[in-house]
Amino acid sequence: MKNFIMDKFYSVIFMIILIIIWQIAASRQIINTFFFSSPLEIFKDLIILFKTGEIWPHINVTLGVSILGLVYGTISGVVIAFLFGNFNIFSKIFDPILVGLYGLPKLALGPLFIIWFGIGLKAKIVMSTIMVFFLVFFNAYAGFKNTDINLIDTLRTMGASKLQIIMKVTLPSCVPWIAASLRAGAGSAVMGTIVGEYLGSNQGLGWMVQSAGGVYNITRVLSCIAILLFLMSMIDSLLKNIEKRLLRWRQ
């Protein structure tokens with residue numbers, strides 16, 4: 001927690017200043033609390049949510065689905081990018097198809113996933129996975145295509161096998177691209193989960209936001225958004241540390 005706070009020091013200071021200004025504006029009725037609530041009311045609501053334990057099942061669902069979506073999307077994205085980068089036949093056949101699918105609004109696919117997989121966790125995991133897959137795929141594919149050809153030629157002249165070239169040059173060269181896409185993919189994973197919960201669910205932070213918004217409970221909506229912001233910051237810090245460890249061989 002200490003490292004997390006130090007890593008986000010300037011962001012934390014900015015948020016504290018913003019919250020103070022927000023609370024003053026709400027207390028002096030400069031803003032309408034019906035539309036914007038106030039930090040004090042949100043804080044009270046958060047205490048109730050955590051004290052009663054009501055929030056934990058929803059956090060577990062959203063966080064669990066997002067992590068699964070990030071893992072599945074990253075693995076599938078890297079594997080497909082590897083095939084595309086090393087076997088031209090795959091890119092010639094499927095590249096236009098994937099580009100077309102990437103251009104589709106993912107929200108439009110939501111109803112199909114609900115019909116195919118129901119309103120349980122499967123539909124949310126699929127939605128989250130797809131959101132992550134395209135980010136990781138295009139980054140990893142670019143990494144595989146931009147591998148230094150001189151290094152490959154050097155290893156070939158030294159008698160290296162195809163597997164050795166892949167393990168010693170291709171994959172290490174692609175690691176920075178994959179690591180960069182992981183942090184963006186985390187946000188996409190959560191977004192895909194929230195979209196899935198919006199379309200059809202009975203649990204999760206997205207469902208809580210939708211339910212609270214339906215009855216104009218702005219305080220509860222903002223409480224859930226605050227929790228999502230905190231979770232995303234924690235995930236981002238974790239992925240940043242993983243990225244540093246993966247790339248510690250770089251100067």
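Here the structure is a predicted model, which means the values were calculated and not measured. (Residues numbered from 1 in each chain as written. Predicted model: local features only at pLDDT ≥ 70, side-chain atom pairs only at ≥ 80, totals over all residues. Heavy atoms only, no water.)

S.K.: What am I meant to see in the confidence of the model for the protein here?
M.R.: For any part of a model where pLDDT is low, the fine detail of the predicted coordinates should not be relied upon. Per-residue confidence for the protein gives a mean pLDDT of 82, with 94% of residues at or over 70. The least confident element of the protein is helix α1 (residues 2–7), whose mean pLDDT is 55; the most confident is helix α4 (residues 39–52), at 92. (pLDDT = per-residue confidence, 0-100. Helix = DSSP H or I, 4+ residues; strand = E, 2+ residues; numbered from the N terminus.)

S.K.: How should the pattern of salt bridges be read in this particular structure?
M.R.: Side-chain pairing between opposite charges can occur once the charged atoms of the two side chains come close. Following the criterion strictly, the structure yields 4 salt bridges and no others. Between Arg220 and Asp45 there is a salt bridge whose closest N-O contact spans 2.8 Å. With Arg220 in helix α12 (residues 218–246) and Asp45 in helix α4, the pair connects residues that are 175 residues apart, well separated along the chain. For the pair Arg220 and Asp45, a shared accessibility class is recorded, and that class is buried. Between Glu54 and Arg220 there is a salt bridge, with its nearest N and O atoms 3.7 Å apart. (Salt bridge = Lys/Arg side-chain N within 4 Å of Asp/Glu carboxyl O. Buried < 20%, exposed > 50% of the residue type's maximum accessible area, 1.4 Å probe, protein only.)

S.K.: Honestly, unusual backbone geometry in this entry has me stumped. Any pointers?
M.R.: With glycine set apart, most residues show a phi of negative sign, and most peptide bonds adopt trans. Its identity as a non-glycine residue notwithstanding, Gln29 has a phi of 60°, on the positive side. Checked against the element boundaries, Gln29 lands in the loop between α2 (9–27) and α3 (33–36). Of the residues examined, Gln29 reaches a relative accessible area of 70% and is grouped as exposed. Its identity is not glycine, yet Tyr216 carries a phi of approximately 60°, on the positive side. Tracing the sequence through the fold places Tyr216 in the loop between α11 (205–214) and α12.

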